[in-house]
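Residue-level structural notes
Letter by letter, the chains look like this.
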Amino acid sequence: MDGTTGRRLWTTAGSAPAWSMMDARHVYLPNSGAAGVQALRLEDGAPRWSVRPGPGEQWRALPPLSDDYRVYVPRDNGLITAHEAGSGEQTWQCQLPFRLDRRSRPLLLSSALLVPGPAAAGVLAVEAESGRLSTIFTDTGPGVDVWSVASDGTRLYAGHDSTLYCLGPLPVP
């Protein structure tokens, strides 16, 4: 819809998506059946590119993240792929040591995706440029919940179960 007039600019067919996300050029929706992700151009809703499971693959895309240059697609099988925002061309992939679900929402910072894992796995960083994986923080306490991460732009906050940590200046992998 046009933000100033309220006039409908375009629509797309299909059922109501489980999630949607947008950046400066595209709106991202799950493909039909929620397997994969599709990018639609903001100006007219035309399909631009999509990422789907290949033959023999089974995964569902979680809501992607975008820095307007790349789109990062986390998948429930623990794989994260980076794609050029304009073309959808894959630039790297990173396999996490755990599966992801809707609770494992990565946080995109300027140079990395911070990925919360299960309590024992801690918080991992995936370098935005290369897909290199490193551990940011973990604790030795018991826990059953998935980590949550947040930032106020200066500090990183990470917590699980009933514990919240303020990690000071944002870590850079």
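Scroll up for the structure.
Everything quoted here is computed from the prediction, not taken from an experiment. Sequence order as written defines residue numbering, which begins from 1 separately in each chain. Per-residue local features of the predicted model are confined to residues with pLDDT of at least 70, and side-chain atom pairs are confined, for both listing and counting, to 80 or more; whole-chain, interface and lining totals are unaffected and use all residues. To get the side-chain values, all heavy atoms of the structure are used, and hydrogens and water are removed first.

**Structural notes on the pairing of strand β8 (residues 90-95)**
Just so we agree on the cut-off: A pair of strands is considered paired only if DSSP assigns at least 2 bridges between the two. Helix and strand assignments come from DSSP, with helices taken as H or I runs of at least 4 residues and strands as E runs of at least 2, each series counted from the N terminus.
With five bridges joining them, strand β7 (residues 79-84) and β8 adopt antiparallel strand pairing. In the sheet register, A82 faces β8, and the bridge partner there is W92. Here β7 folds back onto β8 in antiparallel fashion, the turn holding five residues, of which G88 has a positive phi close to 85 degrees.

**Thoughts on the nonpolar core**
Keep this limit in mind: To form a nonpolar core, buried Ala, Val, Leu, Ile, Met, Phe, Trp, Tyr and Cys residues must be joined to one another through side-chain atoms within 4.5 Å. Exposure classes here rest on a 1.4 Å probe applied to the protein chains alone. A residue is buried below 20% of its type maximum, exposed above 50%, and partly exposed in between. Note on contacts: a residue pair is in contact if any heavy atoms of the two residues lie within 4.5 Å.
Ranked by size, the top nonpolar core spans 15 residues in total, and within it I80, W92, L96, L100, L113, V115 and V126 carry the most contacts. Elements that contribute at least two residues to this core include exactly β7, β8, β10 (112-116) and β11 (123-127). With residues near it in sequence (within four places) discarded, V115 still touches I80, L96, F98, L100, P106, G122, V123, L124 and V126. Judged by nonpolar contacts, the second largest core, of twelve residues, contains A39, A61, V73 and A85.

**Brief notes about the sheet that holds strand β4 (residues 47-51)**
Pairing within the open sheet is antiparallel, and its four strands lie in the order β1-β2-β3-β4. Only two strands of the sheet have a single neighbouring strand rather than two, namely β1 (21-22) and β4. In the sheet, β1 pairs with strand β2 (residues 26-30) via two bridges, with the strands oriented antiparallel. Directly across from M22, in β2, lies its bridge partner V27.

**Description of the pairing of strand β13 (residues 148-151)**
Here β13 pairs with strand β14 (residues 155-160) via four bridges, running antiparallel. By the bridge assignment, S151 is partnered in β14 with L156. The turn linking β13 back onto β14 is made up of three residues, and G153 within it adopts a positive phi angle of 95 degrees.

**Describing unusual backbone geometry**
The phi torsion at D68 lies on the positive side, around 75 degrees, for a residue other than glycine. Tracing the chain through its elements places D68 in the loop between β5 (65-66) and β6 (70-74). A relative accessible area of 34% means that D68 is categorised as partly exposed. A positive phi angle, near 50 degrees, is found at D161, a position not held by glycine. Within the secondary structure, D161 is located in the loop between β14 and β15 (163-169).

**Some thoughts on the packing of aromatic side chains**
Here is the rule we go by: Stacked, tilted and edge-to-face are the three classes assigned to paired rings of Phe, Tyr and Trp, where Trp is represented by its six-membered ring and a pair needs centres within 6.5 Å; plane angles under 30 degrees give stacked, over 60 edge-to-face, the rest tilted. Two conditions define a charge located above a ring, namely a distance within 6 Å from the ring centre to NZ of Lys or CZ of Arg, and an angle within 35 degrees of the ring normal.
Under the counting rule described, the total for this entry stands at five aromatic pairs. With centroids separated by 5.9 Å and ring planes inclined at 55 degrees, the aromatic side chains of Y28 and W49 adopt a geometry described as tilted. Here Y28 is found in strand β2, whereas its partner W49 is found in strand β4, with 21 residues between them in sequence. Through a chain of ring-to-ring contacts, the aromatic side chains of F137, W147 and Y165 assemble into a single cluster. Over the face of the ring belonging to W59 we find R75, whose NZ or CZ atom lies 3.9 Å from the ring centre.

**Quick notes on the side chain of D139**
We apply this condition: The charge count includes Lys and Arg as positive and Asp and Glu as negative, but it does not include His or the ends of the chains. A pair is scored as a salt bridge if a Lys or Arg side-chain nitrogen falls within 4 Å of a carboxyl oxygen belonging to Asp or Glu. By the criterion applied in these results, polar contacts are pairs of N or O atoms within 3.5 Å in which, for protein atoms, one can donate a hydrogen and the other can accept it, and in which residues neighboring in sequence qualify only through two side-chain atoms.
Tracing the backbone shows D139 in the loop between β12 (133-137) and β13. Of the buried charged residues, D139 lacks a salt bridge, with R103 as the closest side chain of opposite charge at 15 Å. There is a polar contact of 3.0 Å between the side chain of D139 and the side chain of H160. Within the local environment of D139, its side chain forms a polar contact with the side chain of Y165, the two groups lying 2.7 Å apart.

**Thoughts on the side chain of H160**
Take H160: it is sitting in strand β14. Those residues within four positions of H160 in sequence are excluded, and the remaining contacts are A119, D139, P142, G143, D145, V146 and W147.

**Describing the sheet that holds β8**
Judged by pairing direction, the sheet is antiparallel, and its four strands sit side by side in the order β5-β6-β7-β8 without closing on themselves. Pairing within the sheet leaves two strands with one partner each, and these edge strands are β5 and β8.

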